Amino acid sequence: MKKEKFIISGMTCSACSARVQKAVDGLPGCQNAVVNLLTGSMQIEYDERQLTAREIAAAVEKAGYGAALAAAGAGAGRGKDGNDGAEPGNASVGNIGNVLGREAAGLKRRLAWSAVFLVPLMYIAMHHMLAEWFGLVPWDGFKAVFHGRENAVTSAFAQLLLTLPILLLNRRYFINGFRNLFRGSPNMDSLVGIGAAASAVFGVFAIFRMSWGMGHGDWELVEAYSESLYFESAGMIVTLITMGKYLEARAKSSTGEALQRLMGLVPRTAIVLRGGSEVEVAADELVPGDEVIVRPGGSIAADGVVLEGSASLDESAITGESLPVQKKAGDKVISASINLDGYIRFRAEKVGADSAISQIIRLVDEAGATKAPIAKLADRISGVFVPIVIGIALVTGIAWLMLGYGVEFAFSAAISVLVISCPCALGLATPVAIMTGTGKGAERGILIKSGEILERARGIDTVMLDKTGTITDGSPRVTDVLCLGADFQELLQKAASVERSSQHPLGQAIVSLAGEKEIELLPFEDFANEPGMGISGLLADERVFVGNSEYMESRGFDVSGYRCRMDELSNEGKTVLLAAGGGRLLGLFAVADREKASSRQAVELLKNSGIDVMMLTGDNRLTAEAVARRAGIGRVFAGVLPQDKERLVREQQAAGRVVAMAGDGINDAPALVRADVGIAVGAGTDVAMESADVVLVGNDLRQIAEMIALSRAVIRNIKENLFWAFFYNVIGIPLAAGVFYPAFGLKLSPMLGAAAMSMSSLCVVLNALRLKRFRFSAREALPGKVPGQEAAVQDAQDVDEGKLHGGPLNEVQIVSLVACRADEDKLVYEDYEDENQKEDGKMKAELKIEGMMCPHCQKHVHDALSKMDGVVSVEVDLEKKTALVESAREIPVAEFRAVIEGAGYELV
């Protein structure tokens, strides 16, 4: 299956896009085609064995429009009729702003010159009304030439001569309109062309009738036709439509501003090390492996990894996060980031079209060219709208003639019906809102792949979150090591040697620890992996197993004697991995993955929106519950294997829920595809995950709530647009046809009808542009520490390696390793003596608590701490924001934090 994008030229209204859609839908091998009126583009998926791009283009051309592959046609600059006013049909989303800017300039010129001829035309045609209404009495010389029935033919010829340049300037309505009419696919131009041409032809007919009347002395006939020339209507109709198109083009050019800003971020040049010298090259000439130098003020020209130096980078344009990010050797950098200060040298890994910024532009481009299912009714109506309107106009004219209202009345009503009807509003209702909405999301680091996804997302009532890499940072570290049948050196060496071939984050944490301790890894063979359980490998003559307790038991190892300790570690939110070999358990590792600072706030935002939040994890129940409790999640599925996630999503859908699944897009791929909306989290340098519908570049879970809120706003806006488009035509056409004339005397002239038609499309576009003012919920400042994590160790000193691992180890020894915030490369014993002091066999802890505002808060904190197991007494000082806790046991800070956070406050 192949996916291509075509640029379609010549489309002017929804009837055009419906015609193109019908032409390609009937082609053999066409799987899915979406024609977008706003961008003048078509995205199509087709079977290459049955269909070719040439055949697709030929089908579009046979329907009366131009078609070219996006790469070849992006530079098209002239409409199919040959005029110099660029059409949307020549644009893709990527250059829609520039093309619409050129279109607006061309329309402005046409409008200006049309006005030059229209002003004198209107004065000659309506000078008697202007004198009556506004007191603008013409001068004597004017009256001598153009006033009175004796000058009727002179006045008529003057109006004809002034009308012809206006019609010539706006000839596209006649060329496109009649060409499509004769091909059996009339569009908006057909309605305007028929209306204006009929008015002009009627005026020419009137000149002949007046000439006959003068020659035969029938001055009543001359006077009757001199007041019904309709030249001014012909000129005014096309001028007003052009004015509406001009205003519409100016407004539409704003819909792609977000994408244009993204395109403006793409770096043009880069400084590369070549042969030991710094060389400036074009960014599109970079190749993977190039070493790029970036100084303060410079842009990152490709995705890569920092080799040297450190810098503070502004990634806000990509991730939506306003705070700079510090980068050092080993960190990844994203293209289009700005170096605020510092110097870095990085190795380019993804360049050109593969870079993050290019992928983001492509996603936003494609999303802006899609439709939402809600627009299907409008599409069906658009396909038959113009023929129906032409039929209504004919019936209107004939009906009024049969009722005896005269030729002028009937003709005026029929022309009004033609020019007031507006299929454009129907065609623009969806794409302008989708383009504006997806662009707004991109500014926030939320990449939504299509309008259909937007529509599905607004109905989400359940969000299922993977734990590792989604709720947590996805960078776990070993916190505890329990040595059983081997010493620390042997245990870590064997476990890390086997885990070296595993890509699982937990296994990589063990490998990282071995690297930090400079332990040499051993070669092995016969690697075996059981997803969600564990791995094994053959080291020399010994098979080593690393995995969870279920995996060990399935291999015949008894872990029951250590179940209590494993449960304790799990209750702290740590994942336990056991290692075994030579028929014995070697030891266990406790690995903890820090929750993202935004996770708890994100869950609260989703809950406040009426959405149920669930967590899926392969961890055991105790570990899962600890993480879920800190994140504020009420429902947890623990011990879930990768293949089970898809089944759980399916079960929720079977219960009638609209499910969003958020994961890292790797082992979560089946669940992401199964979910109503699949969300890839943390994909800042790999935004092309096919399994996900939405990509959150910023790696911030709060973006899920923001995405749902945005989707609801966009769909609401589309509904408003469609309502206006339908309401306008339902009211406007009967009003123009004179349905209300017998009862209320209400009737529109063709000029007022043309003005109304011009404004209807503009109203739809302006309403969609209101989405640019959509306000995302204010993100609260994130705490410096994450709830439930170990306390920072103040003034940490280097750990003496001899004290930690020197000398012989006992049969069972616990080594607790906690990352120090001041320097994460240092490992220290877990020690809370600063917080807990022992007196008379009892522990006393003084806690600093933020968020207490009144005596009620003081009571809530007191009650929450008093209910803790082992607590003897609690004294809460509201003024000092402290709590003094006396307990019969040593209570870890993590436990205090969980209780205080659960009460709604923050432990500092």
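Residues numbered from 1 in each chain as written. Predicted model: local features only at pLDDT ≥ 70, side-chain atom pairs only at ≥ 80, totals over all residues. Heavy atoms only, no water.

> I'm lost on the packing of aromatic side chains in this one. Help?
Within a pair of aromatic rings, the relevant descriptors are the distance that separates the centres and the angle that separates the planes. Going through the model one piece at a time under the given rule, you end up with 19 aromatic pairs. Pairing F202 with Y230 gives two aromatic rings, centres 5.6 Å apart and planes at 80 degrees, and the pair type is edge-to-face. Of the two residues, F202 is situated in helix 8 (residues 188–215) and Y230 in the loop between helix 9 (219–226) and helix 10 (231–252); the sequence distance between them amounts to 28 residues. As far as burial versus exposure is concerned, F202 and Y230 are alike and both buried. Ring geometry for W724 and Y728: centres 6.0 Å apart, planes at 40 degrees, overall tilted. With a gap of four residues between them, W724 and Y728 both fall in helix 28 (residues 702–737), about one helical turn apart. Judged by its relative accessible area of 30%, W724 is partly exposed. The rings of F202, F205, Y225, Y230 and F411 are connected pair by pair, giving a single aromatic cluster. Positioned over the ring face of W212 is R209, at 5.6 Å from the centre of the ring. Taking NZ or CZ as reference, K747 lies 5.1 Å from the ring centre of F409, over its face. (Phe/Tyr/Trp six-rings, centres within 6.5 Å; stacked < 30°, edge-to-face > 60°. Helix = DSSP H or I, 4+ residues; strand = E, 2+ residues; numbered from the N terminus. Buried < 20%, exposed > 50% of the residue type's maximum accessible area, 1.4 Å probe, protein only. Lys NZ or Arg CZ within 6 Å of the ring centre and 35° of its normal.)

> So what exactly am I meant to see when it comes to unusual backbone geometry here?
Across the chain, the bulk of peptide bonds are trans and the bulk of non-glycine residues have phi less than zero. Located in the positive-phi region is E518, a residue other than glycine, with phi close to 55 degrees. Looking at the secondary structure, you find E518 in the loop between helix 21 (505–516) and strand 15 (525–530). What makes E518 exposed here is its relative accessible area of 73%. Positioned with a positive phi, K881 is a non-glycine residue whose angle comes to about 60 degrees. Note on placement: K881 falls in the loop between strand 30 (871–877) and strand 31 (882–887).

> What exactly am I supposed to notice about helix 2 (residues 53–62) here?
For the α-helix, the turn length of 3.6 residues means that residues three or four positions removed from each other point alike. Of all the residues in helix 2, the buried ones are I56, A57, A59 and V60. One side of helix 2 holds all its buried residues, which, seen down the axis, span an arc of 160 degrees. Set apart from the buried face of helix 2 by more than 90 degrees, the exposed residues are R54 and K62. Packing partners of the buried residues in helix 2 comprise strand 1 (2–9), helix 1 (14–25), strand 3 (41–46) and strand 4 (66–69). At the C-terminal side of helix 2, G64 shows a positive phi close to 105 degrees. (Arc of directions from axis to C-beta. Contact = heavy atoms within 4.5 Å.)

> Is there a simple way to think about the confidence of the model for the protein chain in this case?
It should be kept in mind that the predicted coordinates are not to be read in detail where pLDDT is low. When pLDDT is averaged along the protein chain, the result is 79, and 83% of the positions lie at 70 or above. No element of the protein chain has a lower mean pLDDT than strand 27 (residues 827–828), at 23, and none a higher one than strand 7 (residues 291–294), at 93. Confidence drops under pLDDT 50 across residues 72–94; counting only partners more than four residues distant or on other chains, this segment forms 72 contacts. When the criterion is pLDDT under 50, residues 784–839 qualifies, and its contacts beyond four places in sequence or with other chains add up to 109 contacts. (pLDDT = per-residue confidence, 0-100.)

> Explain the sheet that holds strand 13 (residues 462–466) here, please?
Where strands meet in a sheet, backbone hydrogen bonds hold them as pairs that are either parallel or antiparallel. Spatially, the seven strands line up as an open sheet ordered 12-24-23-22-13-20-21, and their pairing is mixed. On the outer flanks of this sheet lie strand 12 (446–448) and strand 21 (635–637), each paired with one strand and no other. Neighbour-to-neighbour, the strand axes of the sheet open up by a mean angle of 20 degrees, direction not taken into account. Of the strand pairs in this sheet, strand 20 (residues 612–616) and strand 21 are connected by three bridges, and their pairing is parallel. Counted as the bridge partner of L616 is F637 from strand 21. (Pairing = 2+ DSSP bridges. Axes fitted to C-alpha atoms, helices over the stretch in contact; angles between N-to-C directions.)

> What's the story with the nonpolar core in this structure? I'm lost.
Here is a general trend for soluble globular proteins: nonpolar side chains tend to be buried in one another's company. If you look at the biggest cluster of nonpolar residues, it comprises 140 residues, and the most contacted ones within it are I679, I704 and M707. Looking at which element gives the most residues to this core, the answer is helix 28, with 15 residues. By size, the runner-up hydrophobic cluster in this structure holds 26 residues, among which are V481, C483, A496 and A514. (Core = buried A, V, L, I, M, F, W, Y, C linked by side-chain atoms within 4.5 Å.)

> Any chance you could explain the pattern of salt bridges here in plain terms?
Note on pairing: side chains with opposite charge can pair once their charged atoms come close. Under the counting rule described, the total for this entry stands at 35 salt bridges. The salt bridge involving R456 is made with E452; its shortest N-O contact spans 3.2 Å. Of this pair, R456 and E452 are both found in helix 18 (residues 451–457), four residues apart, which corresponds to roughly one turn of the helix. On the basis of relative accessible area, E452 is assigned to the partly exposed category, the value being 39%. In this structure, the salt-bridge partner of K574 is D480, at a minimum N-O distance of 2.8 Å. Of this pair, K574 sits in the loop between helix 23 (563–571) and strand 18 (575–581) while D480 sits in strand 14 (residues 477–483), and the two are 94 residues apart along the sequence. Judged by its relative accessible area of 1%, K574 falls in the buried class. Each of E490, K494, E542 and R584 takes part in a single network of salt bridges with overlapping partners. (Salt bridge = Lys/Arg side-chain N within 4 Å of Asp/Glu carboxyl O.)

> Which parts of the structure should I look at to understand the sheet that holds strand 4?
With antiparallel pairing, the four strands of this open sheet are ordered in space as 2-3-1-4. The sheet is open, and its two borders are formed by strand 2 (30–36) and strand 4, each paired with just one other strand. Across the sheet, the axes of successive neighbouring strands diverge by a mean angle of 25 degrees, strand direction being ignored. Contacts from helix 1 reach strand 1, strand 2 and strand 3 within the one sheet, and its direction differs from that of strand 2 by about 170 degrees. With respect to the sheet, helix 2 is in contact with strand 1, strand 3 and strand 4, its orientation differing from that of strand 4 by roughly 160 degrees.

> Sorry, what's going on with the pairing of strand 1 here?
Remark: a regular strand shows side chains that alternate across the two faces of the sheet. When you tally the buried positions in strand 1, you get six out of eight residues, the bulk of the element. Sheet topology places strand 1 next to strand 3; six bridges connect them, and they run antiparallel. Residue K5 lies in a different strand from strand 3, and its bridge partner there is Q43. Direction of pairing for strand 1 relative to strand 4: antiparallel, over a ladder of four bridges. The partner of I7 across the bridge, within strand 4, is A68.

> How should the packing of helix 6 (residues 152–169) against helix 8 be read in this particular structure?
In a pair of packed helices, the angle between the axes and the distance between the axes together describe the arrangement. Running from N to C, helix 6 and helix 8 point in directions that differ by 160 degrees, and their axes come no closer than 10 Å. Taken together, the axes of helix 6 and helix 8 are roughly antiparallel relative to one another. Between helix 6 and helix 8 lies a crossing whose hand is left-handed. Packed against helix 6, whose contacting residues are A152, V153, A156, F157, L160 and L167, the element helix 8 presents A200, V204, I207, M210, S211 and M214 at the interface. Of the residues in the contact of helix 6 with helix 8, the class split is 11 nonpolar, one polar and no charged. (Parallel < 35°, antiparallel > 145°, perpendicular 65-115°, else oblique. Left-handed = near helix turned anticlockwise from the far one by under 90°. Nonpolar A, V, L, I, M, F, W, Y, C, P; charged D, E, K, R; others polar.)

> Please clarify how the packing of helix 8 against helix 9 should be interpreted in this entry.
At their nearest, the axes of helix 8 and helix 9 sit 8 Å apart, and the two run at 160 degrees to each other. In terms of axis orientation, helix 8 runs roughly antiparallel to helix 9. Crossing handedness for the pair helix 8 and helix 9: left-handed. The residues of helix 9 that touch helix 8, namely those facing F202, F205, A206, R209, M210, W212, G213 and M214, are W219, L221, V222, Y225 and S226.

> Explain helix 30 (residues 750–769) here, please?
Taking 1.5 Å of rise per residue, the 20 residues of helix 30 would be expected to cover 28 Å, and the 29 Å separating its terminal C-alpha atoms lies within 8% of that figure. The element helix 30 is largely enclosed, with a buried count of 14 among its 20 residues. (Expected span 1.5 Å × (residues − 1).)

> In this structure, what is going on with the pairing of strand 18? I would like to understand it.
Within strand 18, seven of the seven residues are buried, leaving the element largely enclosed by the surrounding structure. The alternating pattern of strand 18 places T575, L577, A579 and G581 on one face and V576, L578 and A580 on the opposite face, and all of these are buried. With four bridges joining them, strand 17 (residues 542–547) and strand 18 adopt antiparallel strand pairing. In the strand pairing of strand 18, V544 is matched with G581. Bridge count between strand 18 and strand 19 (residues 584–592): seven bridges; the pairing is antiparallel. The residue bridging A579 from the neighbouring strand is G587, located in strand 19.

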